Amino acid sequence: MTAASLYSHLCKRMLLALVILLSACSSKPQPSNPPTLTKANIYINQLAFDVQAPKQAVIALPIGETASRFIVYQSSNIIYQGKLTAQPSFTEWGQGAHYYLADFSQVKRRGEFHIVVNTPKQQLASSTFAIKHNAYFALTAKSLVNYFKASRHTNPRDQSLRINGTERYVNVSGGWVDAGGDQGKHLSQHTESNFLVSQQGAIAAWAMAKSYDSLNRLYDRRALTLELAEEVIWGADYLHRILDSEGYFYTSIFDQRGFAEERLVTGYQGPDGDYNTNFKAAFREGGGMAIAALVRAHELSNKTGVQGEFSAKQYLTDAERAFAHLQKNNLRYVDNGKENIIDDYTALIAATELYRITKKSKYLKAARHRAHNLNNRMTSQGWFVSDDDERPFYHGAEAGLPVIALVDYLAIERNRQIKAKTKRTIKLSLDYQLALNSQVANPFNLARQTFRSYKDHLYSKQQEGFFIPHASEAKHAWQGESSRLASLTAAAIWGGKITHIDKAGAFGINDELGYFAQSQMDWIMGKNPYQISMLYGFGVNNPPHAKSAGTMLNGGISNGITGATSSQNGRGITWAEGPDENNRRWVEQWLQNSTWYLLAMTAMTE
C-alpha cells in the first residue's frame, strides 16, 4: 500500500470511528422524542382500508377535554355517526392524554373519507383516507415493484470481487442493495447474535414469487407480471452467482457502508463492521431462504416464460445442491455451533418448497423433522422457545415467520396427526399474541412481545413490552420495527385462515384477529403517536430525510418507531430524535421492510 493510499485508508477509518461513536450514543441516556400528548389528535391510517376490513381511529384528548361521538364524512356529506369508546388509562408513552376509539367498520362505501370529532373546545378533523376493494394492492403494488427495481445493485465492480482471506476473485454482481444508506448485499447480518439473525436479500425474491402465486390474476390485470417476474429472476441470477462451487452461499458483499478500502465477499461483526472469514451462510443466515427463493424462481420462470442469464432448470439444480450441502454442514456454519429456531423455520421453508415442486420424499422427511422441532418449541403458554433452554423467540424483523413456515408446510403434509399438532402450534401462537395485546392498556392495538433482555452475557427475567429491547445479543443493532409488524399481519391472516376461521369476517378470520392484523398495518400507515406514514410517497406525513439513511424511494418503508433510546428494555417511545448519524435507526429504508409489507399486502388481498 502506498503512503497516499495508507493515509486515505486511515482517514476513512477515523471517519468511520467517529460515525460509530456518534451512533453508539444509544448506550448512554439520550434526549428522547416523545409524542406530544397535550394536544388533541385523531390518529388514523393515512392511506386506505379495504371495504370489508376493520376500520378504527384513535382519538387522543388532553386531560379535562371530552368527546362522545364521531362523524365520518365523504366530502361534505355525513356517511356515518358513532359513539366514541373510552379506553383505559394509558401512560407508558407519556402523561397528559386520555384515549378514545372510533370504530367505523360498518362503513362499506367506496371513496375518499375523513373523520370529525367535536369537543366543547374545538373541532378535530382527520386526514383523508380511501375505502377501496383490495386497497393496498390497488394503490401500492406498482410502487412496490418499482422500489425493488430501483434498489438493484448494478455497479460493475461486483463482477470481480475478492473473497476475504483468499486471493480468489468471483462474480457476485446483481442483487439488491441492503438499504438506502448501505450498498452492501446481505443474505443476513449480525450472525454473531445467533437469535436475532434476519432474512434479507433472498427473502425479497421469495416474497415476490409467493405474492404472484397468490395474486397472479391481479398482477396480470395491472400489467405488472412481467416487471415482477423480472425482479424475481434478477434475484435468482444473483443467488446463482453467490452459490460457491462447494455448495454454500456467501452471506455478505460489503464495504462497511462505503468506508472500507476494499469491497469484499466477507463476513463481518461488531458495530464498525469488522471483516472476518465467516461468510458461509447457514440455514438461519440466509441459506434456507436462498434455497426457497431459487425454487420459487424456477416455478415462476416456467409459468411466465421470463428468463434471466440462467435457466429455470439451473435454479432448481442450485437449490437442491445447496440444500444437500447445508443438511451436512449447517452446524459448521452457525456461529455458536448450535441450531436454533431460525434454522428450523428457514430450513422448513426450504424443504417445503423443494417437496412442493419435486415431490421427492427426502424433502418431505426433512420438512417433517423441522416442523417437529418447531412444534416442540411451542410452550403451553403460547410462545416459542428459541434455543434448547428457556429463551423466548422474539425478533425485530420476522416475528411472524415461524407461523408462516408452518402454514406453508401444512399444504404439503397429509398425515392427520402431524397436521393436528401443527395447527395446535399455530393456534397457540396466535392466541398468545392476542392475549399479550389485551393484558395492558393498548389503545393502538400495537403488537406486544415476550422477551428477555441480554447484557454482559446474562439474561434478564422474562418480560413483555411493545418494543424490542436494546440490550440484546445484537448489542448495537436495534432499529424500528416496521418489518416485525408487517410479518405479524401476514402471520395472523394466513395462520388465522387455518385456526381462527370466520368466512364472514374480515380476511376470512375472526374479528379479534382481524382487528389485530389491520392494526399493525394502520400503525405503519400513520396511526401512530407521531402520525408518520412509513410508506414513502403515501399518506400525509412521510419520514424526514436523514443523511445517514441515504436514498429515499417511493414504495420504500422506513424502519419505524422504537422504544426510548435510554431504555435498555425498550420501554417508552421515540422516533428520529437525532443526531443525524443515529437517525438511520428510524428513517432508513431497509429492503426487508418493503418485503414484509409486500407479504402483508398479499395476505390482506383477496
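Residues numbered from 1 in each chain as written. Predicted model: local features only at pLDDT ≥ 70, side-chain atom pairs only at ≥ 80, totals over all residues. Heavy atoms only, no water.

Draft legend 1. Molecular detail of the packing of aromatic side chains. Counted by the stated rule, this structure contains 30 aromatic pairs. When the ring of Tyr-454 is compared with that of Tyr-459, the centres are 4.7 Å apart and the planes differ by 55°; the resulting orientation is tilted. Under the relative-accessibility criterion, Tyr-459 is labelled partly exposed at 30%. Members of the aromatic cluster, each reached through a chain of ring pairs, are Tyr-43, Phe-90, Trp-93, Tyr-99, Phe-444, Phe-466, Phe-467 and Trp-523. Here Arg-152 stacks its cationic end above the ring of Trp-234, 4.2 Å away from the centre of that ring. In this arrangement the basic side chain of Arg-448 is found over the ring face of Phe-466, its NZ or CZ atom lying 5.6 Å from the centre. (Phe/Tyr/Trp six-rings, centres within 6.5 Å; stacked < 30°, edge-to-face > 60°. Buried < 20%, exposed > 50% of the residue type's maximum accessible area, 1.4 Å probe, protein only. Lys NZ or Arg CZ within 6 Å of the ring centre and 35° of its normal.)

Draft legend 2. Quick look at unusual backbone geometry. Pro-579 follows Gly-578 through a cis peptide bond whose omega is -5°. You can see Pro-579 is positioned in the loop between α12 (511-524) and α13 (584-587). For Asn-445, which is not glycine, the phi torsion reads 55° and is therefore positive. Mapped onto the fold, Asn-445 is located in the loop between α10 (416-438) and β17 (449-451). (Helix = DSSP H or I, 4+ residues; strand = E, 2+ residues; numbered from the N terminus.)

Draft legend 3. The arrangement of the pairing of strand β5 (residues 77-83) in detail. In this sheet, β5 lies alongside strand β4 (residues 69-74) in antiparallel orientation, the contact comprising six bridges. Bridge pairing in β5 places Gln-74 opposite Asn-77. Once β4 ends, the chain turns through two residues before running back antiparallel as β5, passing Ser-75 with a positive phi of about 60°. (Pairing = 2+ DSSP bridges.)

Draft legend 4. Layout of the packing of helix α6 (residues 312-333) against helix α8 (residues 361-377). Here α6 crosses α8 at 50°, and the two axes come no closer than 13 Å. As the angle between them shows, α6 and α8 are arranged oblique. The interaxial crossing formed by α6 with α8 has left-handed handedness. Contacts from Glu-320, Phe-323 and Gln-327 in α6 reach Tyr-363, Ala-366 and Arg-370 in α8. Among the residues making up the contact of α6 with α8, the classes are represented as three nonpolar, one polar and two charged. (Axes fitted to C-alpha atoms, helices over the stretch in contact; angles between N-to-C directions. Parallel < 35°, antiparallel > 145°, perpendicular 65-115°, else oblique. Left-handed = near helix turned anticlockwise from the far one by under 90°. Contact = heavy atoms within 4.5 Å. Nonpolar A, V, L, I, M, F, W, Y, C, P; charged D, E, K, R; others polar.)

Draft legend 5. Local environment of empty space enclosed by the protein. Under the defined criterion, the tally for this structure stands at five cavities of 30 Å³ or more. The calculated volume of the largest cavity comes to roughly 320 Å³. Around the largest cavity, the lining is made up of 24 residues, and of these Phe-393, Ala-399, Ser-429, Gln-433 and Leu-488 lie nearest the centre. If you list the elements that add at least two residues to the lining of the largest cavity, you get α9 (401-410), α10, β17 and α11 (482-499). Here the residues of the lining of the largest cavity are counted per class, giving 15 nonpolar, seven polar and two charged. Approximately 80 Å³ is the volume attributed to the second largest cavity. For the second largest cavity, the full set of lining residues is Gly-175, Trp-176, Lys-185, His-186, Leu-187, Gly-201, Ala-202, Ala-205, Gly-235, Tyr-238 and Leu-239. Mapped onto the lining of the second largest cavity, the elements with two or more residues apiece are β13 (185-186), α3 (201-221) and α4 (225-241). Residue classes in the lining of the second largest cavity are distributed as six nonpolar, four polar and one charged. (1 Å grid on protein atoms, 1.4 Å probe; cavity = no way out; pocket = protein on both sides within 12 Å on 5 of 7 lines; lining within 4 Å. Points joined across faces, edges and corners; volume = space filled by probe spheres on them.)

Draft legend 6. Representation of the domain arrangement of the chain in the model. The assigned domain composition of the chain is domain 1 (41-132) and domain 2 (135-605). One C-alpha centre belongs to domain 1, the other to domain 2, and the line joining them spans 33 Å. At the interface, 28 residues of domain 1 touch 35 residues of domain 2. Both sides of the domain 1 and domain 2 interface together cover about 2,600 Å² of buried area, and 67% of this is carbon and sulfur. Area buried by domain 1 at its contact with domain 2 is led by Gln-46, Leu-47 and Trp-93, which between them contribute 30% of it. Along the contact surface separating domain 1 from domain 2 lie zero salt bridges. Viewed at the interface, domain 2 and domain 1 are joined by 13 residue pairs in polar contact (both at pLDDT 80 or more). Residues belonging to the side of domain 1 that touches domain 2 are distributed by class as follows: 15 nonpolar, nine polar and four charged. (Domains from an automatic or database assignment. Buried area = accessible area lost by both parts, 1.4 Å probe. Salt bridge = Lys/Arg side-chain N within 4 Å of Asp/Glu carboxyl O. Polar contact = N/O pair within 3.5 Å; in protein donor to acceptor, adjacent residues only side chain to side chain.)

Draft legend 7. Examining the UniProt feature "domain: Cellulase Ig-like" (unreviewed entry) in the chain more closely. In the numbering used here, UniProt assigns the "domain: Cellulase Ig-like" (unreviewed entry) feature to residues 39-119. Helix makes up 0% of residues 39-119 and strand makes up 53%, while its end C-alpha atoms are separated by 13 Å. (UniProt positions renumbered as here; feature names shortened; annotations may be inferred.)

Draft legend 8. Focus on the environment of Arg-321. Residue placement: Arg-321 occurs in helix α6. For Arg-321, a relative accessible area of 34% puts it in the partly exposed group. Sequence separation of Arg-321 and Tyr-248 is 73 residues, and the distance between their C-alpha atoms is 8.9 Å. Those residues in contact with Arg-321 that lie beyond four places of it in its chain are Leu-243, Asp-244, Ser-245, Glu-246 and Gly-247.

Draft legend 9. Spotlight on the sheet that holds strand β3 (residues 56-62). Pairing is antiparallel in the open sheet, where four strands are placed in the order β1-β3-β7-β6. If you trace the sheet from one side to the other, it starts and ends with β1 (41-43) and β6 (85-86), each paired once. Pairing geometry for β1 and β3, over three bridges, is antiparallel. In the strand pairing of β3, Ile-42 is matched with Ile-59.

Draft legend 10. Representation of the pattern of salt bridges. Counted by the stated rule, this structure contains 27 salt bridges. Among the ionic pairs, Arg-296 bridges to Asp-213, the shortest N-O distance being 3.4 Å. Note that Arg-296 is positioned in helix α5 (residues 287-304) and Asp-213 in helix α3, a separation of 83 residues in sequence. A salt bridge links Glu-353 to Arg-296; the nearest nitrogen and oxygen atoms lie 2.8 Å apart. Highlighted residues: Glu-353 in helix α7 (residues 341-358) and Arg-296 in helix α5, separated in sequence by 57 residues. Comparing Glu-353 with Arg-296, the two get one shared label, buried.

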